[in-house]
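Examining the three-dimensional arrangement
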Amino acid sequence: MRPILFKLSGFAMASLISISSLGAEKTPIKITKPIFIKQGVWRGVFKVSEFEVPFNFEVKGKDANSAVFTLLNGTRRDDFHVKQVGADSLFIKMNTYDAALVAKIESDGTLSGEYRSLVPGFRGNSLPFTAEQGKSYRFVEPGKDIAPAANLTGKWELKGFSKEAVPNKVAILKQTGNKLTGVILQVTGDSRELEGTVQGNEFVLSGFTGPSPKIYHGKINEDGTLSGEISQGIYDNLKFTGVKDAAAELPDPYKLTFLKEGYKKLDFTFPDLTGKPVSLTDDKYKGKVVIVELVGTWCPNCTDQTIFLSPWFNKNKQRGVEAIAIGFEQKDDLEYGKYTLGKLRDKYDIKYDILFGGLADKRLVADKLPALNKFVAYPTTIIIDRKGEVREIYTGYTGQVTGKYYEEYEKKFNKLLDELIAEPIPVSGGTVSSGK
């Protein structure tokens, strides 16, 4: 028996179901008073496509008023609030992502439920899961490991194959014994921290931080190359091959998106969260350095970029700099955008303007910002100088888990902003010193 992946025979994905029906296959129990999820470390298992995808979490607190639900991925920790919605049912909103874990506490103390979208009118498939308390392992029970056939520590170039052109990915892996951790880089950003194992000539990594869970699994071939598959959601599978290459790199993120010939400035008008139209030509932005972020609340790399930018802006906003986040959401509805982007603002203490750009569709973004040669990925960071001219465009975002990539980005970001802030403020008939 293979120790890593177990296919689910005859599995059919269920549509959205009511909280009360979760776990109905088990013997119902009479509830005389509310029961709450047990504290401690848990092991959950999603049913994704034909595979089981394990994840780990921890619960602290004896009731919904004090409980914290924490997803565990390597060294990464993501906290969520637990809401009790019945004597034996839980609702765990994935913070700013419009999705939730909905679960029933069974008579034996286990959980059964599903990960479901909360986007109004969205009829996507849900992901069923079950979970047991007291199990801290992810893929293989302690004592049942199989000696690994190789050590995958290092950098790998991954090439994918699908109906559309898929940019190469770069994997940075670390293996200690059977334990495998790492991060996958692509032009949109990073996968966040992944955790898994190597068993014999098979490897697997999974990650669940709030957005849809992912699993990367495959084989170590006799020639040392990798072959495998990435799965996220229902039927969203991509095959890949991997070659170890210390020099593997992605396309330069500073050169993927740029202004078309003849353009120096960006022009747009979008409503803010009160419905007021906002443009770069507004007095508020004249003579200022402006950071424009193209984001979506459904996008984990956008969240990580916001976690970077919001405190940076709060620290530097008195230096003659402004920022604007333009959110492209899962519904082309301003009221919905007010809700989702408002949650993002409140969660991360955003003090700069947030605008609603419309539906999250790359072609529509390119149409609404015609000065751009193309739109590649959420997030995209556009930095504009005091004269209103675009000085830099950065595609994607690499978080702290990427090590030197994050450090290089942070260093270059701060260097450029310091230089632009120090430039003179343009005035009619000349310039005046910024005084910074």
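Summarised in this report is the structure supplied together with it. (Residues numbered from 1 in each chain as written. Predicted model: local features only at pLDDT ≥ 70, side-chain atom pairs only at ≥ 80, totals over all residues. Heavy atoms only, no water.)

1. Some thoughts on the sheet that holds strand β23 (residues 353-359)
Across the sheet, which stays open at both edges, the five strands sit in the order β23-β22-β21-β24-β25 with mixed pairing between neighbours. Bordering the open sheet on either side are β23 and β25 (390-395), each of which pairs with just one other strand. Strand after strand, the sheet turns through a mean of 15° between neighbouring axes, direction not considered. One ladder, built from seven bridges, connects strand β21 (residues 289-295) with strand β22 (residues 321-329); its direction is parallel. What sits directly across from Leu294, in β22, is Ile326. (Pairing = 2+ DSSP bridges. Helix = DSSP H or I, 4+ residues; strand = E, 2+ residues; numbered from the N terminus. Axes fitted to C-alpha atoms, helices over the stretch in contact; angles between N-to-C directions.)

2. Examining the environment of Arg391
Along the chain, Arg391 turns up in strand β25. Once residues lying within four places of it in the same chain are set aside, the contact partners of Arg391 are Ile383, Asp385, Leu420 and Glu423. At a separation of 3.0 Å, a polar atom in the side chain of Arg391 contacts the side chain of Glu423. (Contact = heavy atoms within 4.5 Å. Polar contact = N/O pair within 3.5 Å; in protein donor to acceptor, adjacent residues only side chain to side chain.)

3. Some remarks on the packing of aromatic side chains
Under the defined criterion, the tally for this structure stands at 26 aromatic pairs. Where Phe46 meets Phe55, the ring centres are 4.4 Å apart and the plane angle is 20°; that geometry is what we call stacked. Judged by its relative accessible area of 0%, Phe46 is buried. You can call Phe55 buried: its relative accessible area is 2%. Their ring planes at 50° and their centres at 4.7 Å tell us that Tyr394 and Tyr409 sit as a pair that is tilted. You can see Tyr394 sitting in strand β25 and its partner Tyr409 sitting in helix α4 (residues 404-422), a full 15 residues away along the chain. The burial state of Tyr394 is the same as that of Tyr409; both residues are buried. A connected cluster of aromatic rings, assembled from ring pairs, spans Trp42, Phe46, Phe55, Phe57, Phe69, Phe80, Tyr115, Phe129 and Phe208. Cation over ring: Lys404 sits above Tyr405, and NZ or CZ is 5.4 Å from the ring centre. (Phe/Tyr/Trp six-rings, centres within 6.5 Å; stacked < 30°, edge-to-face > 60°. Buried < 20%, exposed > 50% of the residue type's maximum accessible area, 1.4 Å probe, protein only. Lys NZ or Arg CZ within 6 Å of the ring centre and 35° of its normal.)

4. Here we look at the packing of helix α1 (residues 300-316) against α4
Running from amino to carboxyl end, α1 crosses α4 at an angle of 35°, the nearest separation of the two axes being 13 Å. Of the two elements, α1 crosses α4, and the hand of that crossing is right-handed. Note on element contacts: α4 touches α1 through Tyr406, Tyr409, Glu410, Phe413, Asn414 and Leu417, opposite Gln305, Phe308, Leu309 and Trp312. Residue composition of the contact of α1 with α4, by class: seven nonpolar, two polar and one charged. (Left-handed = near helix turned anticlockwise from the far one by under 90°. Nonpolar A, V, L, I, M, F, W, Y, C, P; charged D, E, K, R; others polar.)

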